[in-house]
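Here is what each chain is made of, one letter per residue.
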Amino acid sequence: MAVVAVVNFKKNTKSYFFDVNGLKLNSNQDVIVETEKGLQYGTVISIREIAEEDIGTPLKKVVRIATEKDQKQHNKNLLDGERAFEVAKTKVKELGLKMRIIDASFTFDRGQLLFNFLADERIDFRELAKKLAQVYHTRIELRQIGVRDKAKEIGGLGPCGRFLCCSTFLTDFNSVSINMAKNQMLALNPSKINGVCGRLLCCLNYEDETYTHLKKGLPKIGSIYKAGDVSGKIVSINVFKKTAMVEGKNHTQIEVSLENGSIE
């Protein structure tokens, strides 16, 4: 078994495994880690033991526990990132580019300055990158992100009245399909099943497996139900109560138990 540190670099973002490098680390401890983009400042979420065969590629190492000097450097990087964000917005406007800068951040060692942006189409940002490099004299990376990433960065309230899942606890965006809404028998109204980002609600994932399990053995909408004097077409089903609304003659509806009667 290998002891690894689970580290993330920004609240409610994806976490990564790092070799503890012989250091005695605790949860909520700030550390400096080695990454493909250079040194980064992160926070230990937890310490875990993982089987060697589950690790795969060799892990990058935790370089050291963050010092007071490191914390000051990190805070300076955050402030400079905010300033770079404003500079980039000005450059975008000057160049007339159809893109919107979302944020800017330096790596801890300032070897790279990353800008996330939104755009409706592919953007030729080479001139923008050149101008930014002239200002900051470091490697510039511009990354186009999607509307779900934008919602995660900005935050807000969902239709449920709570803060967005993506900006509070979700670390990855799982695939969400329209079939999930159909499986949960929701009205396919975009205003009801789409989130503030305009895409299908992430929470459609949460109950999909439960609905799939509960619907096993239940009849389909449109089936014919018969039990004693009751006969008609099933127009809706309550998977929790195991009941159905049956429409009979003269379009009258009655709720029946699916545990009684027969289905055709």
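Residues numbered from 1 in each chain as written. Predicted model: local features only at pLDDT ≥ 70, side-chain atom pairs only at ≥ 80, totals over all residues. Heavy atoms only, no water.

Engineer: Please explain the pattern of salt bridges as it appears in this structure.
Structural biologist: Any two side chains of opposite charge can pair if their charged atoms end up close together. One pass over the full model with this rule turns up ten salt bridges. A salt bridge links Glu141 to Lys37; the shortest N-O distance between them is 3.9 Å. Within this pair, whereas Glu141 is found in strand S8 (residues 139–144), its partner Lys37 is found in the loop between strand S3 (30–35) and strand S4 (38–50), the two being separated by 104 residues in sequence. A relative accessible area of 34% means that Lys37 is categorised as partly exposed. Overlapping salt bridges bring together Lys76, Asp80, Arg83 and Arg110 as one network. (Salt bridge = Lys/Arg side-chain N within 4 Å of Asp/Glu carboxyl O. Helix = DSSP H or I, 4+ residues; strand = E, 2+ residues; numbered from the N terminus. Buried < 20%, exposed > 50% of the residue type's maximum accessible area, 1.4 Å probe, protein only.)

Engineer: Is there a simple way to explain the sheet that holds strand S11 (residues 243–247) in this structure?
Structural biologist: Paired through their backbone hydrogen bonds, the strands of a sheet run either parallel or antiparallel. Strand order across the open sheet formed by five strands is S12-S11-S10-S9-S13, with antiparallel pairing between neighbours. Each of the sheet's edge strands pairs with one partner strand only, and the pair in question is strand S12 (253–257) and strand S13 (262–263). As paired strands, S11 and S12 are joined by five bridges and run antiparallel to one another. Residue pairing for S12: Ala244 is matched across the bridge by Val256. (Pairing = 2+ DSSP bridges.)

Engineer: Looking at this structure, how should I read the packing of aromatic side chains?
Structural biologist: Each aromatic ring pair is specified by the distance between its two centres and by the angle formed by the two planes. One pass over the full model with this rule turns up six aromatic pairs. Judged by centre distance (5.7 Å) and plane angle (75°), the ring pair of Phe117 and Phe125 falls under edge-to-face. Assessed through its relative accessible area of 0%, Phe117 is described here as buried. When the centroid spacing of 5.6 Å and the interplanar angle of 75° are considered together, the rings of Tyr211 and Phe240 count as edge-to-face. On the criterion of sequence distance, the pair formed by Tyr211 in helix H7 (residues 204–214) and Phe240 in the loop between strand S10 (230–238) and S11 is long-range, its members being 29 residues apart. Judged by relative accessible area, Tyr211 falls into the buried class, the value being 11%. In textbook terms, an aromatic cluster arises when at least three aromatic residues are bridged by ring pairs, as seen for Phe9, Tyr16 and Phe18. Of note, Arg110 hangs over the ring of Phe106, and the distance from its end group to the ring centre comes to 4.1 Å. (Phe/Tyr/Trp six-rings, centres within 6.5 Å; stacked < 30°, edge-to-face > 60°. Lys NZ or Arg CZ within 6 Å of the ring centre and 35° of its normal.)

Remember that the coordinates give geometry; whether it matters functionally is a separate question.
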